[in-house]
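Below, each chain spelled out in residue letters.
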Amino acid sequence: MNETIVCVVGNVATQPVYRESAAGPSARFRLAVTARYWDRERSVWTDGHTNFFTVWANRQLAVNVAACVEVGQPVVVQGRLKVRTEVRGEQQQWASADIDAVAVGHDLARGTAAFQRSAKPEAPPTATRPEPNWETPRPADTPDEGSGTPQQAAEAVTVT
């Protein structure tokens with residue numbers, strides 16, 4: 001509910017690691033995001049600080065990331081930001097920023113891509129049921145009053 005949703009544009013820094021577990025497939029990779037700014041004094045674009053994020057993908061997104069994403073490619077990642085801090089060893093504090101990805105795609109501002117839908121797994125065939133007979137059967141012992149030709153109806157009514 002009160003989650004921090006981010007959209008980050010950067011370059012893939014490590015090859016995606018794909019794993020199958022009881023909870024389903026997952027993949028992770030590191031994403032490098034470098035800020036760039038215009039240096040007015042030198043009149044050039046300059047690289048600023050680089051932030052690194054661990055991107056986590058699950059289920060079908062993990063399968064697609066493992067198949068399509070490679071080191072050095074520019075990508076756009078949207079997902080939930082999670083920042084964790086730990087103390088390692090003596091007095092050493094460590095922080096990590098993870099993104100639980102909802103969407104990952106190539107940055108088309110810096111290249112082209114050919115989209116291909118992933119194949120859906122085939123559902124097991126279901127047994128076909130016969131179509132129900134919706135007609136109400138007529139009782140066999142009652143005469144059919146409304147059927148036949150008008151002449152047959154007149155003969156049925158005529159008494160001699």
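Numbering of residues starts from 1 in each chain and follows the order in which that chain's sequence is written. This being a predicted model, a pLDDT of at least 70 is required before a residue's local features are given, and a value of 80 or more before pairs of side-chain atoms are given or counted; all residues contribute to the totals for chains, interfaces and linings. Here the side-chain values reflect all heavy atoms present in the structure, with hydrogen atoms and water set aside.

Engineer: Can you break down the environment of arginine 84 residue by residue, with the values?
Structural biologist: The way it works is that DSSP assigns letters per residue, a run of H or I at least four long becomes a helix, a run of E at least two long becomes a strand, and they are numbered from the N terminus. Structurally, the position occupied by arginine 84 is in strand β5 (residues 74–88). Separated by eleven residues in the primary sequence, arginine 84 and alanine 95 place their C-alpha atoms 5.6 Å from one another. It only takes one pair of heavy atoms within 4.5 Å for two residues to be counted as in contact. Each residue touching arginine 84, except ones within four places of it in the same chain, is listed here: Trp94, Ala95, Ser96 and Asp98. Pairing of N or O atoms within 3.5 Å defines a polar contact, subject to two protein rules: one partner must be a possible hydrogen donor and the other a possible acceptor, and residues neighboring in sequence count only if both atoms are side-chain atoms. Polar contacts involving the side chain of arginine 84 include one to the side chain of aspartate 98, which spans 3.1 Å.

Engineer: Describe the pattern of salt bridges, listing the residues and the values that go with them.
Structural biologist: Here, a salt bridge means any Lys or Arg side-chain nitrogen found within 4 Å of an Asp or Glu carboxyl oxygen. Evaluated as defined, the whole model comprises eight salt bridges. Among the salt bridges present, the one from aspartate 39 reaches arginine 42, with a minimum N-O distance of 2.9 Å. A single salt-bridge network, built from bridges that share partners, covers Arg84, Glu86, Arg88 and Asp98.

Engineer: Go over the side chain of threonine 54, please, and point to the residues and values.
Structural biologist: Looking at the secondary structure, you find threonine 54 in strand β4 (residues 44–58). For threonine 54, the side chain forms a polar contact with the side chain of arginine 30, separated by 2.8 Å. Dropping the residues within four chain positions of it, threonine 54 is found in contact with Arg28, Phe29, Arg30, Ala97, Asp98 and Ile99.

Engineer: Quick one: what's the story with the confidence of the model for the chain, residue by residue and with numbers?
Structural biologist: In the predicted model, the chain carries a mean pLDDT of 84, and the fraction of residues at 70 or more is 79%. Each residue carries a pLDDT value, the predictor's own confidence for that position, ranging from 0 to 100. When mean pLDDT is compared element by element in the chain, strand β1 (residues 5–12) scores highest at 96, while helix α2 (residues 150–157) scores lowest at 54.

Engineer: Can you explain the pairing of β4? Please cite residues and give values.
Structural biologist: At least two bridges found by DSSP between two strands are what make those strands a pair. Of the strand pairs in this sheet, strand β3 (residues 24–39) and β4 are connected by 13 bridges, and their pairing is antiparallel. Pairing of leucine 31 across the sheet is with phenylalanine 53, part of β4. With antiparallel pairing between neighbouring strands as the criterion, β3 and β4 make up a hairpin whose turn holds four residues, including serine 43 at a positive phi of roughly 55 degrees. In the sheet, β4 pairs with strand β6 (residues 92–106) via three bridges, with the strands oriented parallel. Within β6, the residue paired with tryptophan 56 across the bridge is aspartate 100.

Engineer: Give me the lowdown on unusual backbone geometry, citing residues and values where you can.
Structural biologist: Of note in this structure, serine 43 is not a glycine but carries a positive phi near 55 degrees. Positionally, serine 43 belongs in the loop between β3 and β4. Even without being a glycine, arginine 59 presents a positive backbone phi close to 55 degrees. Relative to the elements of secondary structure, arginine 59 occurs in helix α1 (residues 59–68). Using a relative accessible area of 59% as the deciding quantity, one classes arginine 59 as exposed. Classification of residues uses two cut-offs on accessible area relative to the type maximum, computed with a 1.4 Å probe and protein chains only: under 20% is buried, over 50% is exposed, and between them is partly exposed.

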